[in-house]
Amino acid sequence: MEHLLSIEAMYPQNMVKYVDHAVTLKTRRGKHEEFPLQGQVWALLFSKSSTRTRVSFEVGIRELGGSPLFLSSNDIQLGRGEPIRDTARVLGRMVHGAIIRTFAQSDVEEFAEYSGIPTINALTDDEHPCQILADLLTIREKLGSWEDRKIAFVGDGYSNMARSWCWAAKHLGFSLTIGSPDACQPPADFLGRLDASNVTFTSNPAEAVAGAEVINTDVWLSMGQEGQADKEARFKSYQVNSALLEDAAPKHIVLHCLPAYRGKEISEDVLEEHADTIFQQAENRLHMQKGIMARMAKHRVL
Ligand code: CP
Ligand code: NVA
């Protein structure tokens, strides 16, 4: 049984295989000869909002021959307190795979343990693995490879995106600098597990971006943190704008997983200047996730 629960738990060789496979699927979109999800129903169990993740998974499941079943946690008994392990044991007897977007990483892990079906993390407070894999595909397409590149992440170092990037750097060996206020660095237990000399942290955003070929950012307040004005105020000097990018590598790209808040984490002009890359990044979710599900369906013993 294969799951995708975190970048932390991934084998580096599988990350590369996923990117290779997504390249093939992208080239062959509309001309597929195999439908590995034929006759299968895959559930999307979401406790947070989504545009890209929901649409890319629903379309991807259909393109692979399967049927998606969207379940908002507000509409099912989970929202009234039914335990995750019971929900998992019910869905595991009825559907063939599950894609989960929620708060606690432990909920995705518990679901995988109890459901007995392939389980994919579609974002938790700790990680956003599908996004990082799609972003690696975008880097491959735009720059040829991530090897020997300097990558920067500017914004909330505590966020799921920053933390998944840290694990990607540890596994794949590229240089990563997180530029984030001191109070928003990843938690100590995470740093203890990470222990990667190629990942550095600074509270100086200009230092993070200096010489970087890939500059990533994300919202300052992740889902569930809305209204935390005190936290948001810490990021004022962390906007990715043309002044900050002055010392980036001459041929840099800017990535944003979206949704973006123009005038906050990214300026309007930088977003529009890099829109081609940023929306390619969004599209790549579809190709990447099709590869992930196809692999899981193939490996599944029915
Ligand atoms: N990037 C991303 O996961 O977008 P959604 O929240 O719209 O799914
Ligand atoms: N860090 C953001 C990512 C959104 C795709 C959040 O969790 O809200």
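First, a word on scope: everything that follows refers to the structure included in this document.

**Quick notes on the overall build of the chain**
Helix and strand content of the chain: 11 helices and 9 strands. Relative to the 2.2 N^0.38 estimate, which gives 19 Å for 302 residues, the radius of gyration of the chain is 19 Å and therefore close to what a compact globule would have. C-alpha extents for the chain along the principal axes are approximately 55 × 45 × 35 Å. A separation threshold of at least 6 residues defines the contact pool for the chain, and within that pool the share at least 24 residues apart is 76%. Accessible area of the chain: about 12900 Å², with a carbon and sulfur share of 48%. Computed over 32 positive and 40 negative side-chain charges, the inter-centroid distance for the chain is 6 Å.

**Topic: the packing of helix 5 (residues 129-143) against helix 6 (residues 160-172)**
Each pair of packed helices can be summarised by the angle the axes make with each other and by the distance between the axes. Direction vectors running N to C along helix 5 and helix 6 enclose 55 degrees, while the axes themselves pass 9 Å from each other. As summarised for this structure, helix 5 and helix 6 are arranged oblique, according to the angle between their axes. Crossing angle aside, the handedness with which helix 5 passes helix 6 is right-handed. Where helix 5 approaches helix 6, its residues Pro-129, Gln-131, Ile-132, Asp-135, Leu-136 and Ile-139 are matched on the opposing element by Met-161, Ser-164, Trp-165, Ala-168 and Leu-172. Within the contact of helix 5 with helix 6, the residues separate by chemical class into 8 nonpolar, 2 polar and 1 charged.

**What about the pattern of salt bridges?**
For the structure shown, the criterion picks out 19 salt bridges. Here Glu-141 makes a salt bridge to Lys-26, at a shortest N to O gap of 2.8 Å. Residue Glu-141 is found in helix 5, and its partner Lys-26 is found in helix 1 (residues 12-27); the two are separated by 115 residues along the sequence. Accessibility expressed as a relative area gives 32% for Glu-141, which makes it partly exposed. In this structure, Glu-63 and Lys-290 form a salt bridge, with 2.6 Å as the shortest nitrogen-oxygen distance. Here Glu-63, found in helix 2 (residues 52-63), pairs with Lys-290, found in helix 11 (residues 275-299); they are 227 residues apart in sequence, far enough to count as distant.

**Digging into the site of ligand 1**
Neighbouring residues of ligand 1: Ser-50, Thr-51, Arg-52, Thr-53, Arg-101, His-128, Gln-131, Cys-257, Leu-258 and Arg-285. Take Thr-51: an N or O atom from its main chain is 2.7 Å from an oxygen atom of ligand 1. Protein contact buries 96% of the 260 Å² of open area that ligand 1 shows by itself. Residue classes in the shell around ligand 1 are distributed as 2 nonpolar, 5 polar and 3 charged.

**Quick word on the sheet that holds strand 4 (residues 119-121)**
Read across the sheet, 4 strands follow the order 2-1-3-4 without closing on themselves; strand pairing throughout is parallel. Edge positions in the sheet fall to strand 2 (67-72) and strand 4, since each has one partner strand and no second. Within the sheet, the average angular offset between the axes of one strand and its neighbour, ignoring direction, is 20 degrees. Here strand 3 (residues 97-101) pairs with strand 4 via 3 bridges, running parallel. Paired with Ala-98 across the two strands is Thr-119, which belongs to strand 4.

**A look at unusual backbone geometry**
Between Leu-258 and the following residue, Pro-259, the backbone shows a cis peptide bond with an omega angle of 5 degrees. Summarising the element assignment, Pro-259 is placed in the loop between strand 9 (253-256) and helix 10 (268-273). Backbone geometry at Asp-195 places phi at a positive 40 degrees, although glycine is not the residue there. Residue placement: Asp-195 occurs in the loop between helix 7 (188-194) and strand 7 (199-202). In this structure Asp-195 comes out as exposed when scored by relative accessible area, which is 63%.

**A closer look at the environment of Ala-249**
Locating Ala-249 in the fold gives a position in the loop between helix 9 (229-233) and strand 9. Here the alpha-carbon distance between Ala-249 and Met-296, two residues 47 residues apart in the chain, equals 38 Å. Setting aside chain neighbours within four positions, we find Ala-249 in contact with Gly-211, Ala-212 and Glu-213.

**Some words on the nonpolar core**
Formed by 53 residues in total, the largest nonpolar core has its most connected members in Ile-99, Ile-120, Leu-133, Leu-136, Trp-165 and Phe-174. Non-local contacts of Leu-136, meaning those with residues more than four positions away in its chain, are made with Met-15, Val-19, Trp-146, Trp-165, Leu-172 and Phe-174. Among the nonpolar cores identified, the runner-up in size contains 21 residues, and Cys-184, Ala-212, Ile-215 and Tyr-238 belong to it.

Basis of the calculations
Residues numbered from 1 in each chain as written. Chains lettered and ligands numbered in written order. Predicted model: local features only at pLDDT ≥ 70, side-chain atom pairs only at ≥ 80, totals over all residues. Heavy atoms only, no water. Helix = DSSP H or I, 4+ residues; strand = E, 2+ residues; numbered from the N terminus. Rg over C-alpha atoms; globule rule 2.2 N^0.38 Å. Contact = heavy atoms within 4.5 Å. Areas by Shrake-Rupley, 256 points an atom, 1.4 Å probe, with all protein chains shown as cover. Lys, Arg positive; Asp, Glu negative; His and termini not counted. Charge placed at Lys NZ, Arg CZ, Asp CG, Glu CD. Axes fitted to C-alpha atoms, helices over the stretch in contact; angles between N-to-C directions. Parallel < 35°, antiparallel > 145°, perpendicular 65-115°, else oblique. Left-handed = near helix turned anticlockwise from the far one by under 90°. Nonpolar A, V, L, I, M, F, W, Y, C, P; charged D, E, K, R; others polar. Salt bridge = Lys/Arg side-chain N within 4 Å of Asp/Glu carboxyl O. Buried < 20%, exposed > 50% of the residue type's maximum accessible area, 1.4 Å probe, protein only. Near = heavy atom within 4 Å. Polar contact = N/O pair within 3.5 Å; in protein donor to acceptor, adjacent residues only side chain to side chain. Pairing = 2+ DSSP bridges. Core = buried A, V, L, I, M, F, W, Y, C linked by side-chain atoms within 4.5 Å.

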